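Structural overview
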Amino acid sequence: MIPFNKPPCTGNEEKYVLEAIRSCKLGGNGNFNKKCQEWFEKKLNCNKALLTPSCTAALEMTALLTDIKEGDEVIMPSYTFVSTANAFVLRGAKIVFVDIRPDTMNIDENKIEDAITEKTKAIVPVHYAGVSCEMDKILNIAKKYKLYVIEDSAQGMMCSYKGKPLGTFGHFGTFSFHETKNYTSGGEGGLLIVNNQHFEERAEIIWEKGTNRSLFFQGKVDKYTWVGVGSSYLMNEISAAYLWGQIERAEDINNRRLYLWNIYYEYLKPLEELGLIELPKIPEYCQHNGHIFYIKVRDKNERGKLIEYLKQNGISSAFHYIPLHSSPAGKKFGRFHGKDEFTTKESERLLRLPMYFDLSLEEIEHIVFTISNFYRFKDTKAVKKEFIHNMEIAFKN
Ligand SMILES: *Cc1c(COP(=O)(O)O)cnc(C)c1O
């Protein structure tokens, strides 16, 4: 069976985890934590990167940092993971869902302004599959109405919009190192990016359980004490050690995923040209990271049949988010603004194919041939071999 996902492991993770154990310093603030944070600050060209136990935790920190409270409204797409909404619901906010664009599955920037009310406090763009939302437009709206922008960049590590890394546009950016993401800290993990200096000190206080322990480490106060609200938002050292093994190979992992993504794309193009499926659309100014490879089929019914057919042929595939506004909690804590033109329809026809660092070319061929057979389209073998050859030369170092 070809699994849907396999967490990446590139070689040095075990060694670094052992090193962390032997350092006898397993809490937050250890060497691997520091190394990772510095790497992200440099890579993303940002002032403050804080490792967290999950992207969920990082999102919760942003809700505390922006003082979201009962009665506030937060705008986001309905096509996202529950944590995007939960972080703000935990603070008593009402979620206002806005429709997505059918091409990128991201929030439709042209439908945001109409959803803003006196109560709106923040916009949370989600960069689906590491493909950027329309950030210029979103930042302009946020500026006009004085709203916070929190980028849920869980899937967007190593991605950019017009050359600038995702996660660095809003007041805050959050990332995930869950085992299903491109880089993992051994299962669960996340990262908060603070892009506005004004929030840096409070971010560290919230991170350190409401204490000014970070200032104490920096020698700025002579003892640390409880100074505000906070929680336990540090990543442990063993997770950071595992993560270091991955980000050390960040470019290799990224290149490999893009390589596999492009192979899928080229192989499946003939099916798209015949109008049988649709392939992902990447706006030209967005650099993605091969996080997800999805196809869109005719409808929910056809998708169910294809999932079953793939399964019979040893292939696991997966659909994605059931729109939050149609879930029991989504109905209770949120409302959909305007017409649901694309959110439900497009989510019902999207199918994710196996995508992971270790996936082989042979496996992709088997998957593509199986899909082709499902559509009784036997020409796939004619797909340009020289393309694959060129890609291999381009991506292998
Ligand atoms: C994975 C994901 C999350 C949650 O990340 P965790 O690290 O598991 O908390 C949040 N938002 C989006 C869009 C995600 O894909």
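Refer to the preceding data block for the structure.
In this report, the structure presented in the accompanying data block is examined. (Residues numbered from 1 in each chain as written. Predicted model: local features only at pLDDT ≥ 70, side-chain atom pairs only at ≥ 80, totals over all residues. Heavy atoms only, no water.)

Considering the overall build of the chain
Convention followed: Strands here mean DSSP runs of E at least two residues long; helices mean DSSP runs of H or I at least four residues long; both are numbered from the N terminus. It is over C-alpha atoms that the radius of gyration is taken, and the globule rule equals 2.2 Å times the number of residues to the power 0.38. Here a residue-residue contact requires only that any non-hydrogen atoms of the pair lie within 4.5 Å.
When you go through the chain residue by residue, the secondary structure sums to 14 helices and 13 strands. Computed over its C-alpha atoms, the radius of gyration of the chain comes to 22 Å, within 12% of the 21 Å expected for a compact globule of 397 residues. If you line up the chain on its principal axes, its C-alpha atoms span 75 × 55 × 35 Å. Sequence-distant contacts in the chain: of pairs separated by 6 or more residues, those separated by 24 or more amount to 71%.

Observations regarding the sheet that holds strand E5 (residues 148-152)
For the record, the criterion: Strands are labelled as partners when DSSP assigns at least two bridges between them. The axes used here are C-alpha line fits, helices contributing only the stretch in contact, and every angle between their N-to-C directions lies in the interval 0 to 180 degrees.
Strand order in the open sheet formed by 8 strands is E1-E9-E8-E5-E4-E2-E3-E12, with mixed pairing between adjacent strands. Two strands bound the open sheet, and with one partner strand each, they are strand E1 (48-52) and strand E12 (334-336). Across the sheet, the mean angle separating the axes of adjacent strands is 25° when strand polarity is ignored. With 3 bridges joining them, E5 and strand E8 (residues 172-176) adopt parallel strand pairing. What sits directly across from Asp-152, in E8, is Thr-174. Of the strands in this sheet, E1 and strand E9 (190-194) touch helix H2 (residues 31-43), which is tilted by about 135° from E1.

Describing the packing of aromatic side chains
Selection criterion: Pairing of aromatic rings covers Phe, Tyr and the six-membered ring of Trp, with a centre-to-centre limit of 6.5 Å; geometry is then stacked below 30 degrees between planes, edge-to-face above 60, and tilted otherwise. A simple rule labels every residue: compare its accessible area, found with a 1.4 Å probe on the protein chains alone, to the largest value its type can have, and call it buried under 20%, exposed over 50%, or partly exposed in between. Charge over a ring is defined by NZ of Lys or CZ of Arg lying within 6 Å of the ring centre and within 35 degrees of the ring normal.
Following the criterion strictly, the structure yields 18 aromatic pairs and no others. Consider the rings of Phe-216 and Tyr-224, whose centres lie 5.6 Å apart with planes at 55°: the pair is tilted. For Phe-216, a relative accessible area of 32% puts it in the partly exposed group. With relative accessibility at 41%, the residue Tyr-224 sits in the partly exposed group. Each ring, one from Phe-374 and one from Tyr-375, has its centre 5.0 Å from the other, and the planes form 90°; the classification is edge-to-face. Overall, the relative accessible area of 13% leaves Tyr-375 in the buried class. An aromatic cluster is defined as three or more aromatic residues linked by ring pairs; in this entry it consists of Tyr-79, Tyr-128, Tyr-294 and Tyr-321. One residue, Lys-162, lies across the ring of Tyr-285, its end atom 5.2 Å from the ring centre. Its guanidinium or amino end placed over the ring of Phe-169, Lys-164 lies 5.2 Å from that ring's centre, counting from NZ or CZ.

Some thoughts on the layout of surface pockets
Using the following cut-off: Grid points spaced at 1 Å and placed over the protein atoms alone form the basis of the search, with a cavity being a set where a 1.4 Å probe fits but cannot get out and a pocket an open set showing protein on both sides within 12 Å along at least five of seven lines. Lining residues have an atom within 4 Å of a point. Grid points are joined across faces, edges and corners, and a volume is the space filled by probe spheres set on the points. Residue polarity is assigned by list, with Asp, Glu, Lys and Arg as charged and Ala, Val, Leu, Ile, Met, Phe, Trp, Tyr, Cys and Pro as nonpolar; anything else, Gly included, falls into the polar class.
Taken as a whole, the largest pocket holds about 490 Å³ of empty space. In this structure, the largest pocket is lined by 30 residues; those nearest its centre are Phe-81, His-178, Thr-180, Lys-181 and Tyr-321. Put simply, the parts of the chain that give the lining of the largest pocket at least two residues each are helix H3 (55-65), helix H4 (82-89) and strand E13 (350-353). It is H3 that provides the largest number of residues to the lining of the largest pocket, a total of 3 residues. Residues belonging to the lining of the largest pocket are distributed by class as follows: 11 nonpolar, 14 polar and 5 charged. There is about 330 Å³ of room inside the second largest pocket. Lining the second largest pocket are 15 residues, and of these Asn-29, Lys-34, Gln-37, Glu-204 and Trp-207 lie nearest its centre. Elements that contribute at least two residues to the lining of the second largest pocket include exactly H2, E1, helix H6 (200-207) and helix H7 (213-217). In terms of residue count, H2 provides more of the lining of the second largest pocket than any other element does, 5 residues in total.

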